[in-house]
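Spelled out from the first residue to the last, the chains are:
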Amino acid sequence: MTIDQTTMDQTTCIIIDETPVAFDLEAVGRKLGIRGQQTKALNLLAGLAQEAQTIARPRAAAKLCGLTVLEDDQVRVGEVTFTSPLLRQNLGALGRAFPYLATEGAELSEWGRSYPSSSMERIFANALQYAAMKQAEALLEQTVREKFDIGQVSAMNPGSLTVWPITQQVPLFRLLAPLPGRLGVTLLP
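In this text the structure is predicted, and so the values were computed from the model without any measurement.

Chemist: Please explain the pattern of salt bridges as it appears in this structure.
Modeler: Opposite charge on two side chains allows them to pair when their charged atoms are near. If you walk through the whole model with that rule in mind, you get four salt bridges. Measuring nitrogen to oxygen at the nearest pair gives 2.8 Å for the salt bridge that ties Glu-107 to Arg-59. One end of the pair, Glu-107, is in helix α4 (residues 106-113); the other, Arg-59, is in strand β3 (residues 59-63), and 48 residues separate them in sequence. Owing to a relative accessible area of 30%, Glu-107 belongs among the partly exposed residues under this scheme. Accessibility expressed as a relative area gives 6% for Arg-59, which makes it buried. For Glu-137, the salt bridge is made with Lys-134, and the minimal N-O distance between the two is 2.5 Å.

Chemist: For this particular structure, what's the right way to read the environment of Glu-18?
Modeler: Along the chain, Glu-18 turns up in strand β2 (residues 11-18). Expressed as a C-alpha distance, the spacing of Glu-18 and Phe-173, which sit 155 residues apart in the sequence, is 21 Å.

Chemist: Please clarify how the environment of Ala-56 should be interpreted in this entry.
Modeler: Of note, Ala-56 is situated in the loop between α2 (39-55) and β3. Residue class for Ala-56 comes out buried when judged on its relative accessible area of 16%. It is 14 Å that separates the C-alpha atoms of Ala-56 and Glu-137, two residues lying 81 residues apart in sequence. Every residue in contact with Ala-56, bar those within four places of it in the chain, is listed here: Val-21 and Leu-108.

Chemist: In this structure, what is going on with the sheet that holds strand β5 (residues 74-77)? I would like to understand it.
Modeler: One key point about sheets: their strands pair by backbone hydrogen bonds, in either a parallel or an antiparallel sense. Ordered by their spatial adjacency, four strands build an open sheet running β6-β5-β4-β7, and the pairing between neighbours is antiparallel. Only two strands of the sheet have a single neighbouring strand rather than two, namely β6 (80-83) and β7 (96-97). Bridge analysis of β5 against β6 gives four bridges, and the strand direction is antiparallel. Of the residues in β6, the one forming a bridge with Arg-76 is Thr-81. Here helix α6 (residues 169-176) sits on the sheet in contact with β4 (65-69), β5 and β6, set at roughly 155° to β6.

Calculation rules
- Residues numbered from 1 in each chain as written.
- Predicted model: local features only at pLDDT ≥ 70, side-chain atom pairs only at ≥ 80, totals over all residues.
- Heavy atoms only, no water.
- Salt bridge = Lys/Arg side-chain N within 4 Å of Asp/Glu carboxyl O.
- Helix = DSSP H or I, 4+ residues; strand = E, 2+ residues; numbered from the N terminus.
- Buried < 20%, exposed > 50% of the residue type's maximum accessible area, 1.4 Å probe, protein only.
- Contact = heavy atoms within 4.5 Å.
- Pairing = 2+ DSSP bridges.
- Axes fitted to C-alpha atoms, helices over the stretch in contact; angles between N-to-C directions.

Here is the structure:
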């Protein structure tokens, strides 16, 4: 596990370059709707998890930014302005924010795409990719909480709700630059 706290452009960044990966096959199986008696599916998932664990390199990064509430439904995080009434409501009184990215890693992403898109293997691989990314995200959250003495955190993602549309990923990536490149994450059209 590699955790790096660096300063870029006078801003503190936390970078998780390596996350130890351990899949909870029971939890992944439940999310996939696999029942205990479906041994063929469970064996397939276990085999894929073993493959994934050998190549997985999930990463995550966060950047400590100042926060300013603007007029209307806008919030300035660092030097970037976001428009969302919910974001303004949730962050308004905090004074700081930790925008972040988490990824399963290019290696695991490429591995998942190696299976035909409509196959059971691809569906299981996608679930394992998500589980690996969530482990990197959890390690990042734990690190931020410890380093900045924060009791509780909550997360919002552009595109997860209509009140913060997916188009707001563009300013998020601008704010986080150059971290997306370091993590191997690109924003697609």
